[in-house]
Amino acid sequence: MEKIKEKMNQLRSEADNAVARAEEAEAKNKKYDQLILEKDQDITSMTHKISVLEAELDKVDAKLAEAKASQDEGDSLKSTNENLTRKIALLEEELDAAEKNVKETMEKLRQVDVKAEHFERQVQRIEQERDQWEKKFEEMQQKYKQSQAELDSMVAGMESL
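About the criteria used
- Residues numbered from 1 in each chain as written.
- Predicted model: local features only at pLDDT ≥ 70, side-chain atom pairs only at ≥ 80, totals over all residues.
- Heavy atoms only, no water.
- Helix = DSSP H or I, 4+ residues; strand = E, 2+ residues; numbered from the N terminus.
- Rg over C-alpha atoms; globule rule 2.2 N^0.38 Å.
- Buried < 20%, exposed > 50% of the residue type's maximum accessible area, 1.4 Å probe, protein only.
- Salt bridge = Lys/Arg side-chain N within 4 Å of Asp/Glu carboxyl O.
- Phe/Tyr/Trp six-rings, centres within 6.5 Å; stacked < 30°, edge-to-face > 60°.
- Lys NZ or Arg CZ within 6 Å of the ring centre and 35° of its normal.
- Patch = residues over 30% accessible without salt bridge, like charges linked within 9 Å, V, L, I, M, F, W, Y side chains within 5 Å.
- Areas by Shrake-Rupley, 256 points an atom, 1.4 Å probe, with all protein chains shown as cover.
- Lys, Arg positive; Asp, Glu negative; His and termini not counted.
- Charge placed at Lys NZ, Arg CZ, Asp CG, Glu CD.

*Asks:* Outline the overall build of the protein chain, listing residues and values.
*Replies:* Helix and strand content of the protein chain: one helix and zero strands. Over its C-alpha trace the protein chain gives a radius of gyration of 66 Å, far above what one expects of a compact globule, namely 15 Å for 161 residues. By principal-axis analysis of the C-alpha atoms, the protein chain measures approximately 225 × 25 × 15 Å. Relative to its 161 residues, the protein chain shows a buried fraction of 0%.

*Asks:* Quick one: what's the story with the pattern of salt bridges, residue by residue and with numbers?
*Replies:* Tallied over the entire structure, the rule returns five salt bridges. Between Arg125 and Glu129 there is a salt bridge whose closest N-O contact spans 3.1 Å. Here Arg125 and its partner Glu129 are both found in helix 1 (residues 2–159), four residues apart, which amounts to about one turn of the helix. Relative accessible area serves as the criterion here: at 34%, Glu129 is assigned to the partly exposed category. As a salt-bridge pair, Glu134 and Arg130 come within 3.7 Å of each other at their nearest N and O atoms. Here Glu134 and its partner Arg130 are both found in helix 1, four residues apart, which amounts to about one turn of the helix. One salt-bridge network, held together by shared partners, links Arg130, Asp131 and Glu134.

*Asks:* An account of the environment of Lys31 is requested, with residue identities and associated values reported.
*Replies:* One can find Lys31 in helix 1. For Lys31, a relative accessible area of 59% puts it in the exposed group. Sequence spacing of Lys31 and Gln124 is 93 residues, and the spatial spacing of their C-alpha atoms is 132 Å.

*Asks:* How would you sum up the packing of aromatic side chains? Please name residues and give values.
*Replies:* Applying the stated criterion to the full structure yields zero aromatic pairs. Above the plane of the ring of Trp133 lies Lys136, whose end atom (NZ or CZ) is 5.0 Å from the centre.

*Asks:* Pulling in residues and values, what's your account of the environment of Glu24?
*Replies:* One can find Glu24 in helix 1. Considered as a pair, Glu24 and Met46 are 22 residues apart in the sequence and their alpha carbons are 32 Å apart.

*Asks:* Can you lay out a negative patch on the surface for me, pointing to particular residues and giving the numbers?
*Replies:* Together, Glu92, Glu93, Glu94, Asp96 and Glu99 make up a region of like negative charge exposed at the surface. Topologically, Asp96 is positioned in helix 1.

What follows is the structure in structure tokens.
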């Protein structure tokens, strides 16, 4: 009986140990279940953060594309601006040349105008001289006719003698 008691004690001890180990295993199992739950929540949280970050990344990519497009447009506008600046410089040079040409032409016109006035005065003076010569010619023609008439009358008078 003693052996049975010992055996019972031993079985009790083993059963107690087994119960203790089972309780310990259940506690560990609960602890691991809790840890798994926390990790699942962390995974869910991280997944949400990843999706938020991916959305932000998409936005940043879009902004980057816009910035590149703006930069390209800015470069294009800069190039256009440089071309227009060159054209303006050329047009200003042409304008300066045209203004110089206009000044020279105006000076020549003024000189031609002065010469024209001088020639007009000469024409007036020559016309006055012509008028005087025509008047003298008419006077001389009349004198010639008178002289011719006198000569004819003298010749007629001499012939009659």
